[in-house]
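Residue-level structural notes
What follows is the residue order along each chain.
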Amino acid sequence: MKKILVTGGAGFLGSHLCEALLKQGNEVICMDNYFTGSKSNIVHLLDNPYFELYRHDVTMPTHIEVDEIYNLACPASPIHYQYDPIKTIQTSVMGAINMLGIAKRTGAKILQASTSEVYGDPHIHPQPEEYWGNVNPIGIRSCYDEGKRCAETLFFDYYRQNKVRIKVIRIFNTYGPNMHPNDGRVVSNFIVQALKGKDITIYGDGSQTRSFCYCDDLIRGMIAMMATPDGITGPINLGNPHEFTIKQLAELVIELTGAKSKIIYEPLPSDDPTQRQPVIDKAKEILHWEPTIQLREGLVKTIEYFDKKLANDK
Ligand code: NAD
Ligand code: UDP
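Overview of the structure. In this text, all values refer to a predicted model and were calculated from it rather than measured experimentally.

Conventions adopted
- Residues numbered from 1 in each chain as written.
- Chains lettered and ligands numbered in written order.
- Predicted model: local features only at pLDDT ≥ 70, side-chain atom pairs only at ≥ 80, totals over all residues.
- Heavy atoms only, no water.
- Phe/Tyr/Trp six-rings, centres within 6.5 Å; stacked < 30°, edge-to-face > 60°.
- Helix = DSSP H or I, 4+ residues; strand = E, 2+ residues; numbered from the N terminus.
- Buried < 20%, exposed > 50% of the residue type's maximum accessible area, 1.4 Å probe, protein only.
- Disulfide = S-S within 2.5 Å.
- 1 Å grid on protein atoms, 1.4 Å probe; cavity = no way out; pocket = protein on both sides within 12 Å on 5 of 7 lines; lining within 4 Å.
- Points joined across faces, edges and corners; volume = space filled by probe spheres on them.
- Nonpolar A, V, L, I, M, F, W, Y, C, P; charged D, E, K, R; others polar.
- Pairing = 2+ DSSP bridges.
- Axes fitted to C-alpha atoms, helices over the stretch in contact; angles between N-to-C directions.
- Contact = heavy atoms within 4.5 Å.

Bringing the packing of aromatic side chains into the picture now. In this structure the tally under the stated criterion is eight aromatic pairs. Look at tyrosine 175 and tyrosine 214: their rings are 5.6 Å apart centre to centre, the planes differ by 70°, and that puts the pair in the edge-to-face class. Residue tyrosine 175 is located in strand 7 (residues 174-175), and its partner tyrosine 214 is located in strand 10 (residues 213-214); the two are separated by 39 residues in the primary sequence. Where tyrosine 305 meets phenylalanine 306, the ring centres are 5.1 Å apart and the plane angle is 75°; that geometry is what we call edge-to-face. The exposure class assigned to phenylalanine 306 is buried, which follows from its relative accessible area of 0%.

Spelled out as structure tokens, the structure:
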């Protein structure tokens, strides 16, 4: 039985990861400060004697003995990471230093949940791992993008300098149950708006693209990456390479919910990437991984989740 630390374990992806790791027979410590995560995402795991909650902020040092660390702590939605940008960059940078310190001391393997945002508003399409990106260092998204880039730098410096057993994945837009209804990300926003019969808010003209991965696929890839031998560091892109415009997403959500919602157009936030699609050749070759759940199927599951959640919250 491995002892595994999941930082950000009460968040959207972290909660699915904790559940999957427990199912595999591991002992899981979920560390979270509940900034964007919620106990309701993990309440069903509390009866499991191999699951432990640790309310802690990753920017503060801590001591813990574990075999593996998945470092997910960081708000991921633009409205949340822009709410306190200094805290966001501290979370990525100090969080990485603190968790890498634990890995260095204990010899634990450590995986960083990095992001497609390291490519910024990409000039190369689709994006392979070799692309260094096009990131504005002083814009409103920089606290997140540059924080995540700096965390990657720290991971590779701890690897070169201290032989820490690192793994870096770059996650492309992932969605599914346990996203916060007011999270502000596009999939949760559109579904909640549709289910409430409200207007669907497209920022810009809706021609910008994203490639959406369902959470179960992503978690499988994350665990496969952690299982690779030492020396396989990544970075490896994880995401679904099927690309959609935001307008297509809005139309699909309207169709699948049967909503009467109108589409309305609002200003595009600055530095909003125009296109995003992962090259996943490395994930296919090294992890034997590729997504199996396509957008329509994943949206149906996610709509079902939000439908129940909104009914319960009434
Ligand atoms: P989320 O906001 O649901 O989860 C983040 C979790 O981290 C929350 O539980 C939050 O409370 C916790 N957290 C934030 N700051 C913390 C701190 N200082 N100390 C301790 N805990 C803290 O987001 P998510 O979508 O589950 O994302 C998880 C990770 O994956 C993030 O690091 C994010 O950058 C990365 N990622 C996600 C996506 C995606 O599309 N979902 C894409 C790229 C990267
Ligand atoms: N978006 C939108 N309406 C919304 C929320 C987001 O049109 O209600 C757009 C947003 O401007 C971006 C895309 O959808 O172009 C994806 O946004 P999200 O915040 O989910 O992720 P990110 O921009 O970080 O990829």
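So much for the structure itself; the text now carries on.
This brings us to the state of the cysteines. Within the structure shown, the criterion is met by zero disulfides. Left unpaired, cysteine 74 is separated from the closest cysteine sulfur, that of cysteine 143, by 8.3 Å.

The subject of this paragraph is the layout of surface pockets. Here the second largest pocket is characterised by a volume of approximately 230 Å³. Lining the second largest pocket are 13 residues, with Trp132, Arg149, Glu152, Thr153 and Arg170 sitting closest to its centre. Per element, the largest residue contribution to the lining of the second largest pocket is five residues, and it comes from helix 4 (residues 142-162). Of the residues assigned to the lining of the second largest pocket, the class counts are six nonpolar, one polar and six charged.

To continue, consider the sheet that holds strand 4 (residues 68-71). Here seven strands make up an open sheet; going across it, the order is 3-2-1-4-5-6-11 and the pairing parallel. Only two strands of the sheet have a single partner each, and these edge strands are strand 3 (51-55) and strand 11 (236-238). Averaged over all pairs of adjacent strands, the angle between strand axes in this sheet comes to 20°, irrespective of strand direction. The sheet contact formed by strand 2 (residues 27-32) and strand 3 spans five bridges and is parallel. Bridge assignment links isoleucine 29 to a residue of strand 3, and that residue is glutamate 52. Along the sheet face, helix 6 (residues 215-226) touches strand 4, strand 5 (109-115), strand 6 (165-171) and strand 11 and points at about 160° away from the line of strand 6.

Function-wise, these values are silent; they only describe arrangement.
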